[in-house]
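# Chain and residue survey
Chain by chain, the residues:
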Amino acid sequence: ERYEECRLRIHLFRNEVRWCGPQKVLADLSQLRRQTNSVAAADLSAKFHLGLADLASKLALLRRARKHLDTARALLPKVEDQAVHADVLLGDVVLTALESDVVGALQHVARLVPLAERTGSESLKFGAVMNMAHLLVCQQRFTDALSFIEGALKDRRYGGGSAIAL
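Residues numbered from 1 in each chain as written. Predicted model: local features only at pLDDT ≥ 70, side-chain atom pairs only at ≥ 80, totals over all residues. Heavy atoms only, no water.

## Things to note about the environment of Leu59
- Among the structural elements, Leu59 can be located in the loop between α4 (42–58) and α5 (62–75).
- Residue classification places Leu59 among the partly exposed positions, given a relative accessible area of 39%.
- Separated by 65 residues in the primary sequence, Leu59 and Leu124 have C-alpha atoms spaced 24 Å apart. (Helix = DSSP H or I, 4+ residues; strand = E, 2+ residues; numbered from the N terminus. Buried < 20%, exposed > 50% of the residue type's maximum accessible area, 1.4 Å probe, protein only.)

## Brief notes about the packing of aromatic side chains
- Per the stated rule, a full pass over the model turns up 1 aromatic pair.
- Relative to Phe48, the ring of Phe13 has its centre 5.7 Å away and its plane inclined at 40°; by these criteria the two rings are tilted. Placement of the pair is Phe13 in helix α1 (residues 2–19) and Phe48 in helix α4, with a sequence separation of 35 residues.
- Exposure remark for Phe48: the relative accessible area of 3% places this residue in the buried category. (Phe/Tyr/Trp six-rings, centres within 6.5 Å; stacked < 30°, edge-to-face > 60°.)

## Some points on helix α7 (residues 102–119)
- Between its terminal C-alpha atoms α7 stretches 25 Å, which fits the 26 Å expected from 18 residues at 1.5 Å a residue.
- Among all positions in α7, only Gly104, Ala105, Leu106, His108, Val109, Leu112, Leu115 and Ala116 are buried.
- Close packing links the buried residues of α7 with α6 (82–98) and α8 (122–138).
- Two residues or fewer past α7, Gly120 is found with a positive phi of approximately 80°. (Expected span 1.5 Å × (residues − 1). Contact = heavy atoms within 4.5 Å.)

## Comments concerning the nonpolar core
- With 16 residues, the main nonpolar core has Leu106, Val109, Leu112 and Leu135 as its most contacted residues.
- In this structure Leu106 touches Met132, Leu135, Leu136, Gln139 and Arg141, once residues within four positions along its chain are discounted.
- Residues Ala42, Ala56, Leu69 and Leu95 belong to the second largest nonpolar core, which totals 14 residues. (Core = buried A, V, L, I, M, F, W, Y, C linked by side-chain atoms within 4.5 Å.)

## Points about unusual backbone geometry
- Positive phi is not limited to glycine here, since Ala40 has a value of about 55°.
- By secondary structure assignment, the location of Ala40 is in the loop between α3 (29–39) and α4.
- Despite not being glycine, Gln140 shows a phi value in the positive range, around 60°.
- Relative to the helices and strands, Gln140 resides in the loop between α8 and α9 (142–155).
- Under the relative-accessibility criterion, Gln140 is labelled exposed at 61%.

## A short note on the side chain of Asp92
- Its location among the elements puts Asp92 in helix α6.
- Residue classification places Asp92 among the buried positions, given a relative accessible area of 3%.
- There is a polar contact of 3.0 Å between the side chain of Asp92 and the side chain of Arg66.
- With residues up to four places along the chain from it excluded, the contact list for Asp92 reads Arg66, Leu69, Arg73 and His108. (Polar contact = N/O pair within 3.5 Å; in protein donor to acceptor, adjacent residues only side chain to side chain.)

Okay, structure coming up:
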């Protein structure tokens, strides 16, 4: 029961950072940290640190974001869920791109695409391919980027709110 509550709170935290911005989550952070530490589950701790990395990057604290991402990566040997592994790799893609290392980000995303396929998560597969396309655009490889975008749109198997943005 405590595990499930913590999992849901971390999920809410990560979505608030992603969709509402960093200002929304700062007040509840210490309570969530205590709850995550008390549950002491590696997968929840990794997800919490991924959320902290996302928060730090939105606040332009890239060194702090890298430290949280490294902490999440250090927990991966104790985490079986491949989606968490893929989330850490996706964090590497994004943070490396924010650090202006497009070549490094492309190397990470090249490892992410097959991992995303293995997880079966449609949103993760779509995100991996779209990140690949954006990075290819940064390298002015427009034809390659367009083929990735067309493939992602053709193979997309989920709808909902994302259909509006597309």
